[in-house]
Amino acid sequence: MNPTTLAQRPSAIEHAARIGVVAALSATTMLFASLVSAYLVRRSFADWRPSSALWPFPLLALGLLASLGIEAAARSSGRRRRQGFKALAWASASYVVSALAVIASIALGQGGLGAPYQAFVALLLGVHLVHSLGATSFAVWMLREASGPPSENSLLLARLVTHFLTALLFAIIFLLFVLR
Amino acid sequence: MTEDAPRNGGQLARVFALLTAAFAAWAAYALATSSMPPLAADRGRIDSAIELNLIVSGVVFLGAHLALVLVLLRRPREARIPRENIRVEMLWTALTAAILVALLVNSEIDARALAGGDEGADAPKPVVVEVVAQQFAWNFRLPGEDGIFGRTDPRLVDQAELNFIGLDKKDPASEDDILLPQGLLILPAGREIKVRLRSLDVIHSFFVASFRVKRDAMPGLQGEFTFTPTTPGSFELACAEHCGLGHYRMRGLIEVVPEAEWAGKVKEATQ
Amino acid sequence: MSGNASSQSFLSRYVFSLDHRVIGLQYLFTAMALALVGGLLALIVRIQIAWPDHDFGLISALLPQGFDEGVMKPEFYAALFTMHGTIMIFFVLSAALIGGFGNYLIPLQVGAKDMAFPRLNALSYWIYAVSSVIMLSSFVVPSGPAASGWTAYPPLSALKGAIPGSNLGQDLWLVAMALFIVSFTLGGLNFLATILALRKPELSMMDLPLFTWSMLFVAILGLLAFPSLTAASVMLLLDRHAGTSFFIPMGLVLSGDPVPGGGGSPILWQHLFWFLGHPEVYILMLPSLGITSDLFTVFTGRRVFGYRSMVIAMALISGMSFLVWGHHMFVSGMSPFLGSAFAVTTTLIAVPSGVKVFNWIATLWNRPLQLTTPMLWALGIFSLFVTGGLSGIWLGQTQIDIQLHDTAFVVGHFHIIMAGAALFGVFAGLHYWFPLFFGRLMSERLGAAHFLLTFVFYYATFFPMHLAGLRGQVRRVYDPYQYEYLKPLQSMNAFITWAAVALALAQILFFINFFWSLKRGAPSGAHPWAAESLEWTEPESLAEGV
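Please read these numbers as outputs of a predicted model, since none were measured by experiment. The numbers attached to residues start from 1 for each chain and follow its sequence in the written order. Following the order in which they are written, the chains are lettered starting with A and the ligands numbered starting with 1. In keeping with the predicted nature of the model, local features appear solely for residues at pLDDT of at least 70, side-chain atom pairs appear and are counted solely at 80 or more, and the whole-chain, interface and lining totals rest on all residues. Hydrogens are left out, water is left out, and the side-chain values use all remaining heavy atoms of the structure.

Observations concerning the packing of helix 13 (residues 373-396) of chain C against helix 15 (residues 408-438) of chain C
All names here are of chain C.
Line of reasoning, step 1. Two elements in contact, helix 13 and helix 15, have axes whose closest approach is 8 Å; the angle formed by their N-to-C orientations is 160 degrees. Looking at the two axes, helix 13 sits roughly antiparallel to helix 15. For the crossing formed where helix 13 meets helix 15, the hand is left-handed. Here the axes come from fitting lines to C-alpha atoms, over the contacting stretch only for helices, and the angles between their N-to-C directions go from 0 to 180 degrees. The helix and strand labels rest on DSSP assignments: H or I over at least four residues marks a helix, E over at least two residues marks a strand, and numbering proceeds from the N terminus. With respect to orientation, any angle under 35 degrees is reported as roughly parallel, any angle over 145 as roughly antiparallel, any angle of 65 to 115 as roughly perpendicular, and every other angle as oblique. What makes a crossing left-handed is the near helix being turned counterclockwise from the far one by less than a right angle; a clockwise turn instead makes it right-handed.

What follows is the structure, given as structure tokens:
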């Protein structure tokens, strides 16, 4: 059966898409809740030695830039909208590259992933990076599939996902660098 | 199709009802006459709890299956059972809850008693035993005269030297430690035993069916629990947690002897 | 694209289809094939428990790496029960009940044309198919499949030297499980969106069949509970390959050699695993409970007693299933306070379950029943749910669990409540919806015979395990008779094994009935059961006969 037969009830499809995205974000939240509870348990052990080798602000800035990019795109049209999407794309790509660099530097650095704190930095950033990559690829695929400008509904969902991932990044950075 | 389907009261229903009744009767009989290894420690509460549960669940089990048999056998008469009756539903919800809460209270009382710990100052000191599990053997150690276990270090483990737990022989406290031969624990009857349980490699579980004792040996953690063996005899210690290819043969033996003979038997075993 | 037109249309219609009905049947047939594998593994395990020195002859020729001159190796035994549990719980029962029936029926029962996201639906099936292939492929790995149990407790599953299966086999297990979870998550969000958003506007939630309700709760449970095993799998893979020590404690000595690294906590895995593991039990139970209630409605000719409280009971069971996971760890040395808390939640989950039983009795009482094959299976589920639920109450009390934890009692308990109720649910559903799927009826005579034999031999297999457990028989042992006190249990174990063989033979009747009816069954007509739910009454939901 062709998915277009469902287009008879566009509002239902939009509703379904919203439910689907919220469900996916709930599952992601539970995934991070598991990782974070592991982190909180581990950090209460006696041999917990957080290092300060890392400077988290570039990652935060890129996350913020992604969120600002999608907001700008949502609030405008034409050339400015494209600029907003471009900012989002660049910010996401740079985030993925820099998070990868951080993980690589920890893995190749002194002690590697053997030290518990370093292992958790790599784990939390790594899982977040995979989700960002997944969300970005999905968005690119959606934009290529859809003919014409994105609908209000898909823009809303894209904003939701982007802000969710940025908020998640802030929470992770808070845990790893403030509550360490 | 559905018009000529077999009905309750018919032949198929009678066969099904007969099988159900036979199973229920057999199951109830088998459980009621089932046995556990003879109790040899002060943990009869577990046996009583099982008996209590057997009665409670036996009544529910037989009742529910009797209902099923009756539903199958009886030809239906005109009955006025509504689709919903909140009061009746509330009643059986409350009944179920009340029974379960009673069982829970009983379980909580038992759990506290079994955890033991605060018998008062005048109770005799428990016998402390260190149990170290490894793939696929049990190591037992008594602290000796000084009551202090010598230091151990995993780096000192040397199987060729029979130093399985990595005892540091330079530590003065380890001089009088008594290392029993692997797999053999000798305990005095009637004394409270405090087990300090740990594992060298993977998770094992210390299970003596006759003592009603089971506790996981978690690597990296030390567990502690107490029990009092009451009957002299020899009892098998089983590993209850899958720990590798030799899990099935990780067997230990616990000899319980009268307290007066205990020190002698231990000496005999370690020579 | 190359290839002729007819093969292309066959591929797009039956293989890479986006139609929820085809996808549902793909799930069902894949699960059926895997059930044969899982069942065979169980039989080999049972033969080994009853006669440990048995010469396996033909079987050992098929799987040479697992045997030594016809006698099974202990590490292979561990691999067998590990793979049996994993395949049956996830790849057979979850896949058949949720992937199979869920995909086929949810759109029909809510009056939608298809799932909300058909592409995602097909993707979810294919990820499941790939993950099953990965899981099965570990049988050809030289070091053998994963052998740390379906619970994969580290350090056993983390250290390569701990057991042969903890080499490549364990990696394949972890990757296959992670993929299975991805597939289940995609399916779950599709179910949720379809039930909530694509339901016919005039159809209220309180008019839905209880099966659809169960799918709604299953989807929520899967979405919220499964991610914790994804997290744990990633962490265990890192422990195994990247030098981290999330689950490996400090100072381990494995066969005399110190294990590098450490500082982690093996109990952390247990929390993460059972946070998934226990809701998974209810993921298997709820569909069967829903099917049973719906069949009682159809075959008593009256809506199930207390429909509303049935929905509430399902909601309570689902919600509470997140709060009971600790009862798997009563003897791990957890704090007594925590133990008591988990005992309370575990025991009280029996309250909504009790409500279901009472409501079922009220539904059946004094009604003319049509004892069709699906109805027989539903009555069987009633019996299993009572029997297995009661032994669950035993195990939920901490002091009893001390004695029975990790014994054959637990094996008997969960095979009756979780595996049994779910398996009977699969059979109930298959017989009931067969006319919808294929336009034909299955033979009622063969169906009744298959049910009665399965009912008898299922109990004959699994009930005596409670008795063995009470007598202290530990589970997962390759040769129980190494223990003197277990030697008298050999005849009981042999009885159980013979019953299991009979149970397996009885399933031949099912396969004969299924495939014979597929070709030769009596045409069912559009409306064989006089049921009122939408999958039967809406004209567009008639089966095309695949």
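That shown, we press on.
Here we look at unusual backbone geometry
Line of reasoning, step 1. Cis geometry marks the peptide bond from B:Gln135 to B:Phe136; its omega dihedral reads -5 degrees.
Line of reasoning, step 2. Position of B:Phe136 among the secondary structure elements: in the loop between strand 1 (127-134) and strand 2 (137-142).
Line of reasoning, step 3. In the segment running from C:Pro154 into C:Pro155, the intervening peptide bond is cis, with an omega of 5 degrees.
Line of reasoning, step 4. Of note, C:Pro155 is situated in the loop between helix 5 (118-137) and helix 6 (168-197).
Line of reasoning, step 5. Located in the positive-phi region is C:Ser255, a residue other than glycine, with phi close to 40 degrees.

Focus on the sheet that holds strand 3 (residues 178-179) of chain B
Residue and element names in this part refer to chain B.
Line of reasoning, step 1. Overall, mixed pairing links the 5 strands, which are arranged 3-2-1-5-8 in an open sheet. The two strands at the open ends of the sheet, each matched to only one other strand, are strand 3 and strand 8 (223-227).
Line of reasoning, step 2. Bridge analysis of strand 2 against strand 3 gives 2 bridges, and the strand direction is antiparallel. Within strand 3, the position partnered with Leu142 by the bridge is Ile178. Each pair of strands is called paired provided DSSP finds at least two bridges between the two strands.

Details of the environment of C:Gly66
Residue and element names in this part refer to chain C.
Line of reasoning, step 1. Position of Gly66 relative to the elements: it lies in the loop between helix 3 (58-62) and strand 1 (67-68).
Line of reasoning, step 2. Sequence separation between Gly66 and Phe76 is 10 residues; the distance between their C-alpha atoms is 5.1 Å.
Line of reasoning, step 3. A contact between two residues is defined here by any heavy atoms of the two lying within 4.5 Å. Those residues within four positions of Gly66 in sequence are excluded, and the remaining contacts are Val71, Met72, Lys73 and Phe76.

Things to note about a positive patch on the surface
All names here are of chain A.
Line of reasoning, step 1. Surface patches are drawn from residues lacking salt bridges whose relative accessible area is over 30%; two like charges belong together within 9 Å, two nonpolar side chains (Val, Leu, Ile, Met, Phe, Trp, Tyr) within 5 Å. Here the accessible surface of atoms and residues is derived via Shrake-Rupley with a 1.4 Å probe, and residues count as covered only by protein chains that are part of the display. Salt bridge, as used here, is a side-chain nitrogen of Lys or Arg placed within 4 Å of a carboxyl oxygen of Asp or Glu. By the counting scheme adopted, Arg and Lys are positive, Glu and Asp are negative, and His together with the chain ends is not counted. Lysine's charge is taken at NZ, arginine's at CZ, aspartate's at CG and glutamate's at CD. On the surface, Arg79, Arg80, Arg82 and Lys86 cluster together to form a positively charged patch.
Line of reasoning, step 2. With respect to the helices and strands, Arg80 occurs in helix 3 (residues 78-108).
Line of reasoning, step 3. Using a 1.4 Å probe on the protein chains alone, a residue whose accessible area is under 20% of its type maximum counts as buried, one over 50% counts as exposed, and one in between counts as partly exposed. The exposure class of Arg80 is exposed, given its relative accessible area of 56%.

Remarks on the packing of helix 9 (residues 266-300) of chain C against helix 12 (residues 350-364) of chain C
Residues and elements named next belong to chain C.
Line of reasoning, step 1. Running from amino to carboxyl end, helix 9 crosses helix 12 at an angle of 15 degrees, the nearest separation of the two axes being 10 Å. By the criterion of interaxial angle, the relationship of helix 9 to helix 12 is roughly parallel. Judged by the twist between their axes, the crossing of helix 9 over helix 12 is left-handed. Residue-level contacts link Leu289, Thr292, Ser293, Phe296 and Thr300 of helix 9 to Lys356, Trp360, Thr363 and Leu364 of helix 12.
Line of reasoning, step 2. Residues are sorted three ways: Asp, Glu, Lys and Arg are charged, Ala, Val, Leu, Ile, Met, Phe, Trp, Tyr, Cys and Pro are nonpolar, and all the rest, Gly among them, are polar. Looking at the contact of helix 9 with helix 12 residue by residue, the classes come out as 4 nonpolar, 4 polar and 1 charged.

A short note on empty space enclosed by the protein
Residues and elements named next belong to chain C.
Line of reasoning, step 1. As defined here, a cavity is a set of points on a 1 Å grid over the protein atoms alone where a 1.4 Å probe fits but cannot get out. A pocket is an open set with protein on both sides within 12 Å along at least five of seven lines, and residues line them when an atom is within 4 Å of a point. Grid points are joined across faces, edges and corners, and a volume is the space filled by probe spheres set on the points. Taken as a whole and assessed by the stated rule, the structure comprises 7 cavities of 30 Å³ or more.
Line of reasoning, step 2. If you tally residues by element for the lining of the largest cavity, the top one is helix 6, at 6 residues.
Line of reasoning, step 3. Partitioning the lining of the largest cavity into residue classes produces 9 nonpolar, 7 polar and no charged.

Side note on the interface of chain B and chain C
Quoted interface sizes are often the accessible area lost when the parts come together.
Line of reasoning, step 1. Taken together, the contacts link 94 residues of chain B with 105 residues of chain C.
Line of reasoning, step 2. Here chain B is connected to chain C by 0 salt bridges.
Line of reasoning, step 3. Every element with two or more residues in the side of chain B that touches chain C is listed here: helix 1 (11-32), helix 2 (44-73), helix 3 (86-115), strand 7 (213-217) and strand 9 (233-239) of chain B.
Line of reasoning, step 4. Looking at the side of chain B that touches chain C, its residues break down into 57 nonpolar, 19 polar and 18 charged.

Let's talk about the pairing of strand 7 of chain B
Residue and element names in this part refer to chain B.
Line of reasoning, step 1. Taking burial as the measure, the 5 residues of strand 7 include 5 buried ones, the bulk of the element.
Line of reasoning, step 2. In the sheet, strand 6 (residues 204-208) pairs with strand 7 via 5 bridges, with the strands oriented antiparallel. The residue of strand 7 that forms the bridge with His204 is Ala217.
Line of reasoning, step 3. Linking two consecutive strands that pair antiparallel, namely strand 6 and strand 7, is a turn of 4 residues; a positive phi of about 60 degrees is found at Arg212 within it.

Some words on the pattern of salt bridges
Oppositely charged side chains are able to pair whenever their charged atoms sit close together.
Line of reasoning, step 1. Applying the stated rule across the entire model yields 20 salt bridges over all chains.
Line of reasoning, step 2. The residue B:Arg112 makes a salt bridge to B:Glu108 at a minimum N-O spacing of 3.0 Å. With a gap of 4 residues between them, B:Arg112 and B:Glu108 both fall in helix 3, about one helical turn apart.
Line of reasoning, step 3. A relative accessible area of 62% places B:Arg112 in the exposed class.
Line of reasoning, step 4. Where C:Arg475 meets C:Asp406, a salt bridge forms, and the shortest distance between an N and an O atom there is 3.7 Å. A residue pair is termed long-range when its members are at least 10 positions apart, and C:Arg475 in the loop between helix 16 (444-470) and helix 17 (490-520) and C:Asp406 in the loop between helix 14 (398-404) and helix 15 qualify at 69 residues.

Here's the deal with the sheet that holds strand 9 of chain B
Residue and element names in this part refer to chain B.
Line of reasoning, step 1. Reading across from one edge, 4-10-9-6-7 is the order of the 5 strands in this open sheet, with mixed pairing throughout. Either end of the sheet is taken by a strand with one partner, and the two such strands are strand 4 (184-188) and strand 7. The mean angle between the axes of side-by-side strands here comes to 25 degrees, regardless of whether they run parallel or antiparallel.
Line of reasoning, step 2. Helix 4 (residues 259-270) contacts strand 4 and strand 10 (252-257) of the sheet and is inclined by roughly 160 degrees relative to strand 4.

Details of helix 11 (residues 336-348) of chain C
Line of reasoning, step 1. By this rule, a helix spans an expected 1.5 Å times one less than how many residues it contains. Taking 1.5 Å as the rise per residue, helix 11 of chain C with 13 residues should run 18 Å; its terminal C-alpha atoms sit 18 Å apart, in good agreement.
Line of reasoning, step 2. Of all the residues in helix 11 of chain C, the buried ones are C:Gly339, C:Ser340, C:Phe342, C:Ala343, C:Thr345, C:Thr346 and C:Thr347.
Line of reasoning, step 3. The inward-facing, buried residues of helix 11 of chain C contact helix 3 of chain B together with helix 10 (307-320), helix 12, helix 13 and helix 14 of chain C.

Function-wise, these values are silent; they only describe arrangement.
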